[in-house]
Amino acid sequence: MRYLYALMGIFLLLAATAIAGSFTAQMDVETYVDANNANQSFADSDLLWAASQGNEPEKLVYLSVINMFGSQGIFQPEQIAAATLTLDVAQVDKPGKVKAYYKHGETLDTTTWYDKADYDSEVSSPSLNIEKEGSYTLDVTSLVKNAVETCTEGCGYSIVIVAEDDASVGFASSGSSGEGPVLEYETE
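Residues numbered from 1 in each chain as written. Predicted model: local features only at pLDDT ≥ 70, side-chain atom pairs only at ≥ 80, totals over all residues. Heavy atoms only, no water.

**A closer look at the state of the cysteines**
Put simply, the test is: The criterion for a disulfide is a pair of cysteine sulfur atoms lying within 2.5 Å. Throughout, exposure labels follow a simple rule: accessible area from a 1.4 Å probe, protein chains only, divided by the maximum for the residue type, with under 20% read as buried, over 50% as exposed, and the rest as partly exposed.
Under the criterion given, the structure shown has one disulfide. Two residues share a disulfide in this structure: cysteine 151 and cysteine 155, whose sulfurs sit 2.3 Å from each other. Judged by the sign of its S-S torsion, about -115°, the bond between cysteine 151 and cysteine 155 is left-handed. In this structure cysteine 151 comes out as buried when scored by relative accessible area, which is 1%.

**A word on the packing of aromatic side chains**
This is how the line gets drawn: Aromatic pairs are defined between Phe, Tyr and Trp rings, using the six-membered ring for Trp, whenever the two ring centres lie within 6.5 Å; interplanar angles under 30 degrees are classed as stacked, those over 60 as edge-to-face, and all others as tilted. In this description a helix means any DSSP run of H or I spanning at least four residues, a strand means any run of E spanning at least two, and both kinds are numbered starting from the N terminus. A ring has a charge above it when a Lys NZ or an Arg CZ is no more than 6 Å from the ring centre and no more than 35 degrees off the ring normal.
Using the criterion set out here, one finds six aromatic pairs in the structure. With a centroid separation of 4.6 Å and an interplanar angle of 35°, the aromatic rings of tyrosine 101 and tyrosine 119 are classed as tilted. Taken together, the residues span a long stretch of sequence, with tyrosine 101 in strand S6 (residues 96–104) and tyrosine 119 in the loop between S6 and strand S7 (120–124) at a distance of 18 residues. Judged by relative accessible area, which is 10%, tyrosine 101 ranks as buried. Chaining the aromatic ring pairs together yields one cluster made of Phe23, Phe69, Tyr102, Tyr157 and Tyr185. Directly above the aromatic system of tryptophan 113 lies the positively charged group of lysine 116, at a separation of 4.1 Å from the ring centroid.

**Considerations on the nonpolar core**
Side chains of nonpolar character tend, in soluble globular proteins, to be buried together. We count it as follows: Nonpolar core, defined: a set of buried Ala, Val, Leu, Ile, Met, Phe, Trp, Tyr and Cys residues in which side-chain atoms within 4.5 Å join the residues together. Note on contacts: a residue pair is in contact if any heavy atoms of the two residues lie within 4.5 Å.
Grouped together as the largest cluster of nonpolar side chains are 42 residues, with contacts concentrated most on Leu85, Ile130, Val140, Ile161, Phe171, Leu183 and Tyr185. The greatest single-element share of this core, amounting to six residues, is contributed by strand S5 (residues 80–94). Other than its neighbours up to four places away in sequence, leucine 183 contacts Phe23, Thr24, Ala25, Met27, Val65, Thr84, Leu85, Val140, Val144, Tyr157 and Ile159. Val33, Ala38, Tyr62 and Val162 belong to the second-largest nonpolar core, a separate cluster that totals eight residues.

Put into structure tokens, the structure is as follows:
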């Protein structure tokens, strides 16, 4: 009987450690939409543009994430200790701030300004000030926790990058020569 308890303890320990760790999410679609080219899709672009004018967004970046929470043993938002989105800024036409927002559901590679889905303005990252080209990291912990809460078993979710302060910033896509967006999260 002692051996049975020891064996069960080992299995429980292995199960607990199997879900703890760091994960890199895979992007399904990386695109942006442009109010000035409202019928056009930009999923094949090397640069993903976020821009605003007069504090109104005119270009929005959509990053559709493949949901693997269930297969990674992540079923509760509290399991997410931290999440970061690393972006390679390849061009800055106007420096300023950007912010990431959560969007329930995947984004299609045919998305245009006219058929874009709204993002949740209540679930966002802190603002990030971008002055020049380089690698930047956004704290998207609240977005990933919200994704776990609403999409544990396989539904898609997206991260939307919105420019503030009349900023205009081009991020490298995975199809470009730079490093594309990378979403990483850690579990407890």
